Amino acid sequence: MEIKKKKSNNLIVQFLLTELETVGNTRFEEGSPSDSWFNSCYDLILSRFCAWDFKTYGITGVKINRIFRVHNRILRMIFEEKFQMFLDKEEVLNETEKMLECLFYVFDPHMPVKKKQILQVLEDGFQAVEEHKLLRRDAVLLSNSLSVCERPRIEFLLQQTKDECKNSNDLEESFIHGKLIIAKVFLGRSVPARERDPIHQINYPGANSVFRPQKHLPSGTSRTAEEMYSSMEHRNCGCHHRQCEWFVFDHELVLPEYFVEFEYTTLVKVQSLFSTLSNVIVEEGKKDTEGFILSGDLQHDDEVMNMEPTVKARPKIVCLDEKTVLSVAKANIYSQIVVLNLHGNSLCKLRDISRLTGLRKLIVSFNEFTCLDDVYHLPNLEYFDASHNHVITLEGIRGLSKLKYLDLSWNQLKKTGEEISVLRKHTSNLLSLDIRHNPWHKPASLRLSVIGRLKALTHLDGVQITEAEVAAALCFIAGSKITQASLLEHSRTDETRPRVLSVHPYAKILSQISKNKLDSQTHFNSSWYPRITVLNLDGQHLSKIANLEKLENLRWASFSNNNLTKIEGLESCLNLEELTLDGNCISNLEGIAKLTKITRLSVNNNHLTSLERCVFENLSHLHYLSLESNRITSLIGLQKAYTLIELYISNNYVSAYHEIYHLKGLNNLVMLDMYGNLIVWKQDNYRLSVIFHLPSLKALDGIAVEPADIESAKDLFGGRLTCDMIAERLGHSDFTKMEELNWTTSTIRTVDLVPADQFRNICNVNLQNNNLTSFSGLIFLPNVKILCLNYNHIESILPRQKPQNHLTNRQQLYQKVISSGYGQQGPSKGSRDAGFGENLPPIMQSLEVLHLGYNGINNLAQLQLSRLKNLKLLFLQGNEISQIEGLEGLPFLQELVLDHNRVKTITEGSFARQSSLLALHLEENRLRELNNLQPLVKLQKLFLGLNKIQELSELEKLEVIPSLKELSVYGNPVSRKMTHRPLLIFRLPSLQVLDGIAVNMEERARAELHLIEQQGIPIANSPMDCGFSGLPITFSKQPPLRVTNVNLLEGINNLFGSDLVFPHVLEDPLLNEANKHKKSKNPGMVTNNPRSIHAEIALRQVKGATANLLNQLTQHGTLRTAHFHQGSRENGGRMSANSPSRPNRM
């Protein structure tokens, strides 16, 4: 044992020498169970230890003695640079986690492991390892299994013992005790090893590492051991399927992280281990189905361990009531209970225990208590056992004046000063106290502190207290208070700050170099207190800051390495500029809120878990803040620390990426150190993201921020809308209640809201005035109904393909596969664009309103709008669109806005499937013709203002839209013609608003009369001239007309005879084949109404023409029919005789 300690101490000395020689570039940190990294490393080793692999050697487990964490800055920097270069080259960011591994370095079993070799690896890496040179290895040999690392060494020692007939005791140390180097390895592109090819870089071109599964033992293993191993493979353990050897060619991608000293636990005595194993190897016939029988005692032990318990487990008590108490104590009434044993239950409360006034002994061990506040006012209690619980505080214990024995071992007590104060106040006669196995904050000074404060104590932690310990404890307590003597000893009166370049606080520097010390005789005069400006009370075991009320001019103070649990007693030191509180037990910073002049604050290595916002709001001069090695999880308290220049918060528990956003308002922050927080490892591109969000930084984690870093950060993170940005604005990360996302004018280029399901209630998204070129991550938002993307640079719904020279190999492969949707060849650009979205699956099926105005869009087909199947309103104003296309997949579109574009013509396929369109906006375009509007059967509003329409005949083409109610044509050349309005009113019977002016019935009648006058049609003076329903539109000549049945108004029906004869006879149009097949030269004039314009006017004037009708019938007896429109006949425009008649528009 002494030899072991000596060797271990020698190794620590070598570590210290290495730290000195490397000037701190290589540091070794010894871990303890209170360190999270120690526990992680411990669990890693245990998870990679398989008992079946070692059962042959009588090994049942592994015990970790020490773990050292290696901090090698040079190797780490090389590793990270190499790692980043590989990522940038290969573009494998998503596979990074799979390529990073923690592996064990495999030493050569034929070469003894020397301290020099270990130090060489930990300091210089694996580039100069002697065994690599001797064995001519091209790669670093590693493994993910402890047995793969250790079994060759054990086999070598066995063979050496057999060959040389050595005593097994000589090999005890080398066999039982082992050493491990755990390295962080980047495997990169890894390939399996081939049996015939040796492990050399030349045999595996392009590979970064080679792995070899351990399905069989390596060559060179003894035949007997091989047989043993093969028999063990038939066990029910499947670990060997996961065990691998790794060969990494680039030694710079292998970073030593931990050095471990361990030892094996065995079932047999150490001195007989090798002899027993030899017997086992020889006597193979003694194997059974459960394992190798190492000795008869071991077999007997297994039988005993497998025996059923003779006593059945009793049910545990969960809740304590009066009946249960009486039952456990076997008493009838409470006053009879003297002893109460509640050991081994599930109790967390002792309700009404104070009623047991006669209770002398109480046992509540092995329960689930977190506090003991129910144990009070038990005047006769002498023995109290509360061990093996979860007690975190003793507050609540009171009135135990006769208590002599108290066991609080195996609990969760931490705060030494507070717990001892409770015991001192309420258990004044305590003789024996056991507080072992608690996570005390300052365990080194715990015993002296307890003995010094509990003066009646005779036994502590099962050990009797000696007189020497009492004297030492009294001195310890006397020195743990701030007195006049300690103030005179540790204070200085300097007025100026020293010009010294040092990381130490000014209080410590001045206390060492300054000669301005107070005279010991000045304590008789109270005027010396204001003269103190420097106070250094480091390592004085202080549990409280007190007696500083008169130090009103104190400027620099240090209280490091004490037992302080909170900041107090500094309320009068309002001129304090620097305060150092490192190495205490402080859990909050509330006591410094009034120190408004403080510029430097250091609270390293304490127990801070959060930062109070109210504290830093008042510290308007704070420039330097160091909070390293605490338990801080959030930086929200620093939001208003606007004057901060340097912030050191390494080795804390900050893990969430959005915590960086709390520092964005600190525009003066120049230096930031967050190394050792979880965010450094969890966040992708951590360094660049911090540099991007905190542009004022000059150094991050001890490394200068270069201009190249700033540019890379802008390229990578500039313009990204992420969940963290939204959380920063909202103040929380619960996005499920959001209904609207409004993020305008923020130079956003991409949207990355993952997971999208947490934004499931967002219905309205407004991202106007940004730099989006596609919908990006918005397509994954499930329930968006309104999307506003005006004033962006939208080219397509999905990002457009990169040029061929920018595509990765995988993307180029996808382009060649037709089913992938990429690279499909078409006959021409136009045909390819036209069917761009026809075969693509629909997206954003809840989207109904889309705003894409002022995006510079010139090709509608490339937008892939047909994938938005349920779109109802589409706004495309202010773009450069010249052709209306790509709308075939929008059957439910109701309103389309194309104002202020470059549309010249409406093609046949522009509105082929827009039968549901109700409103169409085409103002400020370049339209000259109005063709191909027939599919718009439901269109009610059409806006054509400020175009280039010149001819009235183009306006007549609007007759194909029967339901048109609102129309605008202002600003066109045709609008300067006087007849354009009457023509439109007459041709469009459903029109209600024209150029913003309502159309009434009177205007409609005037328009029709005006149109007739302009075309030279005579006004009807008789009922016959007015024309009647049923008269044909055209006549080839003027034949006599015989009227056999006329139905006018009811008052004049008796005026007509049955044989009223006209001098002209009508020619039957049905018999005129030429007229039947003749087509109109002016399709805009074709209408479904068979009557002439004169006939329509006459029917509307029938009431006013009654008197003239009677006179004409009396005087002439015959009437001539009205002549039809001369211009229509000359143009050859005749109406089809068999066309259906239009209903009367009266």
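- Under an unreviewed UniProt entry, the name given to the chain is Leucine rich repeat containing 9, and the organism recorded is Pelodiscus sinensis.

Comments concerning the overall build of the chain
Part 1: Across its full length, the chain carries 33 helices and 43 strands.
Part 2: In the chain, which comprises 1146 residues, the share counted as buried stands at 45%.
Part 3: Approximately 59,300 Å² of the chain is accessible, and the part contributed by carbon and sulfur atoms is 51%.

So, the side chain of R48
Part 1: Looking at the secondary structure, you find R48 in the loop between α2 (36–47) and α3 (51–54).
Part 2: Under the relative-accessibility criterion, R48 is labelled buried at 18%.
Part 3: Contacts of R48, omitting those with residues within four sequence positions, involve E101, C102, L103, F104, N144, S145 and L146.

Details of unusual backbone geometry
Part 1: Following V754, the chain continues to P755 via a peptide bond in cis, the omega torsion being -5 degrees.
Part 2: One non-glycine residue with positive phi stands out, namely N547, at about 65 degrees.
Part 3: Structurally, N547 can be placed in the loop between β20 (534–536) and β21 (556–558).
Part 4: Judged by its relative accessible area of 45%, N547 falls in the partly exposed class.
Part 5: If you check the backbone angles, N561 has positive phi at about 55 degrees while not being a glycine.
Part 6: If you trace the backbone, N561 turns up in the loop between β21 and β22 (578–580).
Part 7: Of the residues examined, N561 reaches a relative accessible area of 49% and is grouped as partly exposed.

Quick word on the sheet that holds strand β40 (residues 993–994)
Part 1: Strand order in the open sheet formed by 11 strands is β30-β32-β33-β34-β35-β36-β37-β38-β39-β40-β41, and the pairing between neighbours is mixed. Edge positions in the open sheet fall to β30 (740–742) and β41 (997–998), since each of these has one partner strand only.

Some details on the environment of L1011
Part 1: In this fold, L1011 is placed in helix α28 (residues 1001–1014).
Part 2: A relative accessible area of 7% places L1011 in the buried class.
Part 3: Each C-alpha atom, one on L1011 and one on T979, is 7.2 Å from the other, the two residues being 32 residues apart in sequence.

With respect to the sheet that holds strand β5 (residues 177–186)
Part 1: Spatially, 9 strands are ordered β1-β2-β9-β5-β3-β4-β8-β7-β6 in an open sheet, and the strand pairing comes out mixed. Looking at which strands have only one partner, the edges of the open sheet turn out to be β1 (26–30) and β6 (190–192). Direction aside, the axes of adjacent strands within the sheet are offset by 35 degrees on average.
Part 2: The sheet strands contacting α2 are β1, β2 (59–72), β3 (100–105), β5 and β9 (254–266), and the helix crosses β2 at an angle near 140 degrees.
Part 3: Of the strands in this sheet, β1, β2, β5 and β9 are in contact with helix α6 (residues 115–124), which crosses β9 at around 145 degrees.

With respect to the pairing of β3
Part 1: Pairing of β3 with β5, which is carried by 5 bridges, proceeds in the antiparallel orientation. Note on β5: the bridge partner recorded for C102 is K184.
Part 2: Note: β3 against strand β4 (residues 140–143), 2 bridges, orientation antiparallel. Within β4, the position partnered with F104 by the bridge is S143.

A closer look at the environment of I78
Part 1: Its place among the elements puts I78 in helix α4 (residues 73–90).
Part 2: Sequence separation between I78 and L255 is 177 residues, and the spatial gap between their C-alpha atoms is 9.1 Å.

Observations concerning the environment of R760
Part 1: Examined against the element boundaries, R760 turns out to sit in the loop between β31 (750–752) and β32 (764–766).
Part 2: Under the relative-accessibility criterion, R760 is labelled partly exposed at 33%.
Part 3: Sequence separation between R760 and N783 is 23 residues, and the spatial gap between their C-alpha atoms is 6.0 Å.
Part 4: Excluding its chain neighbours within four sequence positions, the residues that come into contact with R760 are T736, P782 and N783.

A look at a positive patch on the surface
Part 1: Judged by side-chain charge, R902, K904, R926, R928 and K948 come together as a positively charged surface patch.
Part 2: Tracing the backbone through its elements, the reader meets K904 in the loop between β36 (895–897) and β37 (919–921).
Part 3: Given the relative accessible area of 49%, K904 is considered partly exposed.

What to know about the nonpolar core
Part 1: In terms of nonpolar packing, the biggest core is built from 143 residues, with F559, L579, F775, L868 and L967 touching the most fellow members.
Part 2: Every element with two or more residues in this core is listed here: α17 (484–490), α19 (613–617), α20 (678–682), α21 (686–693), α22 (707–717), α23 (723–730), α26 (952–956) and α27 (980–987).
Part 3: With 46 residues, the next largest nonpolar core counts V325, L381, L430 and A473 among its residues.

Remarks on the packing of helix α15 (residues 446–453) against helix α16 (residues 467–479)
Part 1: Running from N to C, α15 and α16 point in directions that differ by 90 degrees, and their axes come no closer than 8 Å. Judged on the interaxial angle alone, α16 and α15 are roughly perpendicular. Between α15, through R447, L448, S449, I451, G452 and R453, and α16, the contact on the second element is made entirely by E469, V470, A472, A473, F476 and I477.
Part 2: Here the residues of the contact of α15 with α16 sort into 7 nonpolar, 2 polar and 3 charged.

Description of the packing of aromatic side chains
Part 1: Under the criterion given, the structure shown has 23 aromatic pairs.
Part 2: On the numbers, 5.8 Å between centres and 20 degrees between planes, the contact of W37 with Y258 is stacked. With a gap of 221 residues between them, W37 in helix α2 and Y258 in strand β9 connect regions that are remote in the sequence. In terms of burial, W37 and Y258 fall into one category: buried.
Part 3: Between the aromatic rings of Y791 and Y854, the centroid separation amounts to 4.8 Å while the plane-to-plane angle is 5 degrees, which identifies the pairing as stacked. Here Y854 lies in the loop between β34 (849–851) and β35 (873–875) and Y791 lies in the loop between β33 (786–788) and α24 (809–816), a separation of 63 residues in the sequence.
Part 4: The class for Y791 is partly exposed, based on a relative accessible area of 44%.
Part 5: Take Y854: its relative accessible area is 35%, and that puts it in the partly exposed class.
Part 6: A network of ring pairs unites the aromatic residues F15, F28, F68 and F259 as a single cluster.

Overview of α27
Because each turn of an α-helix spans 3.6 residues, side chains separated by three or four positions end up pointing in the same direction.
Part 1: Summarising burial for α27: 8 of the 8 residues are buried, a large majority.
Part 2: When α27 is considered as a whole, its buried residues turn out to be H980, R981, P982, L983, L984, I985, F986 and R987.

Some details on a nonpolar patch on the surface
Part 1: Together, V13, L17 and L20 make up an exposed nonpolar region whose accessible area comes to about 290 Å².
Part 2: Note that L17 resides in helix α1 (residues 2–21).
Part 3: By relative accessible area, L17 is classed as partly exposed at 39%.

Cut-offs and rules
- Residues numbered from 1 in each chain as written.
- Predicted model: local features only at pLDDT ≥ 70, side-chain atom pairs only at ≥ 80, totals over all residues.
- Heavy atoms only, no water.
- Helix = DSSP H or I, 4+ residues; strand = E, 2+ residues; numbered from the N terminus.
- Buried < 20%, exposed > 50% of the residue type's maximum accessible area, 1.4 Å probe, protein only.
- Areas by Shrake-Rupley, 256 points an atom, 1.4 Å probe, with all protein chains shown as cover.
- Contact = heavy atoms within 4.5 Å.
- Pairing = 2+ DSSP bridges.
- Axes fitted to C-alpha atoms, helices over the stretch in contact; angles between N-to-C directions.
- Patch = residues over 30% accessible without salt bridge, like charges linked within 9 Å, V, L, I, M, F, W, Y side chains within 5 Å.
- Salt bridge = Lys/Arg side-chain N within 4 Å of Asp/Glu carboxyl O.
- Lys, Arg positive; Asp, Glu negative; His and termini not counted.
- Charge placed at Lys NZ, Arg CZ, Asp CG, Glu CD.
- Core = buried A, V, L, I, M, F, W, Y, C linked by side-chain atoms within 4.5 Å.
- Parallel < 35°, antiparallel > 145°, perpendicular 65-115°, else oblique.
- Nonpolar A, V, L, I, M, F, W, Y, C, P; charged D, E, K, R; others polar.
- Phe/Tyr/Trp six-rings, centres within 6.5 Å; stacked < 30°, edge-to-face > 60°.

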